[in-house]
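One letter stands for each residue in the lines below.
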Amino acid sequence: MTDEHEHTVTTAPPVDWDAQAAGFDAEPDHGLRDPEVRAAWAARLRSWLPGHPADVLDLGCGTGSLSLLAAGQGHRVTAVDLSPAMVERARAKLAGRPAEVLCGPAEAPPVGRLRFDVVLVRHVLWTLPDPARALRHWRELLRPHGRFVLVEGVWGTLHPVGIPAGRLTALLAPLAADVRVERLSGDPVLWGKEVTDERYAVVAAV
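The present account deals with the structure reproduced in this document. Remember, it's a predicted structure, so these values are computed and weren't measured experimentally.

A few words on helix H7 (residues 131-140). Pro131, Ala134, Leu135 and Trp138 are the residues of H7 that are buried. Burial along H7 is one-sided: seen end-on, the buried residues are contained in an arc of 100°. In H7, the exposed residues that point more than 90 degrees away from the buried face are Arg133 and Glu140. Summarising the contacts, the buried residues of H7 are in contact with strand E1 (55-59), strand E4 (116-122), strand E5 (142-155) and helix H8 (165-172).

Our next topic: the packing of aromatic side chains. Considering all chains together, one arrives at 3 aromatic pairs under this definition. Ring geometry for Trp41 against Trp191: centres 5.4 Å apart, planes inclined by 85°, an arrangement best described as edge-to-face. Of this pair, Trp41 sits in helix H4 (residues 35-48) while Trp191 sits in helix H9 (residues 188-191), and the two are 150 residues apart along the sequence. Accessibility expressed as a relative area gives 1% for Trp191, which makes it buried. Ring centres 4.9 Å apart and planes at 40° place the aromatic pair Trp126 and Trp155 in the tilted group. Of this pair, Trp126 sits in the loop between E4 and H7 while Trp155 sits in strand E5; the two residues are 29 residues apart in sequence, bridging distant segments of the chain. Trp155 shares its class with Trp126; the two are buried. Among the aromatic residues, those joined into a cluster by ring pairs are Trp41, Trp48 and Trp191.

This paragraph deals with the pattern of salt bridges. For the coordinates displayed, the defined rule picks out 8 salt bridges. Note that Glu182 is salt-bridged to Arg44, the shortest N-O span being 2.4 Å. Linking Glu182 in strand E7 (residues 178-183) with Arg44 in helix H4, this pair joins segments that are 138 residues apart in sequence. One exposure class covers both Glu182 and Arg44, and it is buried. Across the salt bridge formed by Arg180 and Glu182, the nearest N and O atoms sit 3.0 Å from each other.

Calculation rules
Residues numbered from 1 in each chain as written. Predicted model: local features only at pLDDT ≥ 70, side-chain atom pairs only at ≥ 80, totals over all residues. Heavy atoms only, no water. Buried < 20%, exposed > 50% of the residue type's maximum accessible area, 1.4 Å probe, protein only. Helix = DSSP H or I, 4+ residues; strand = E, 2+ residues; numbered from the N terminus. Arc of directions from axis to C-beta. Contact = heavy atoms within 4.5 Å. Phe/Tyr/Trp six-rings, centres within 6.5 Å; stacked < 30°, edge-to-face > 60°. Salt bridge = Lys/Arg side-chain N within 4 Å of Asp/Glu carboxyl O.

Structure follows, in structure tokens:
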């Protein structure tokens with residue numbers, strides 16, 4: 001991405017997530033209903049998360065699809081979403097798993113003094129009005145040697161929205177000792193289709 005493009009990328013317009021909740025899982029990468037798509041995300045998640053049981057904070061969890069994968073891999077999950085309708089669906093999906101689902105804003109999750117080994121965020125940071133401030137707060141929620149796992153991208157051509165990888169890595173530079181970018185655009189199985197826009201994950205150890 002060029003600097004010029006980065007300056008043209010805008011934040012997301014307001015979305016009524018309660019209204020979106022009923023149909024949210026219809027998108028292949030949201031509901032992970034297709035076994036191949038689910039397996040692709042499970043494999044990526046396994047490579048990003050610790051190899052031992054860890055405390056994972058999934059912010060902006062939506063209907064809880066990634067939380068479900070993380071719990072299935074042996075992690076203890078706290079999932080947070082601002083939308084009560086999303087939270088309701090996530091709680092149903094995670095019933096019986098080592099997981100708790102809370103209703104609250106991603107940028108200020110209602111977790112009190114709890115600390116985590118991983119802050120997991122997918123397609124949320126770009127929607128926030130102050131990503132840098134959110135990242136600083138999330139850093140405070142991580143234990144020593146914890147990590148960020150951030151899946152983001154840029155969508156659209158005429159009026160792109162999102163956060164380019166270069167901008168996100170710059171925001172993380174003062175907060176993390178090791179920042180790694182993994183490009184995801186070239187793996188159509190993750191999205192259930194071919195994509196040409198910028199999609200990536202950042203794994204950043206603190």
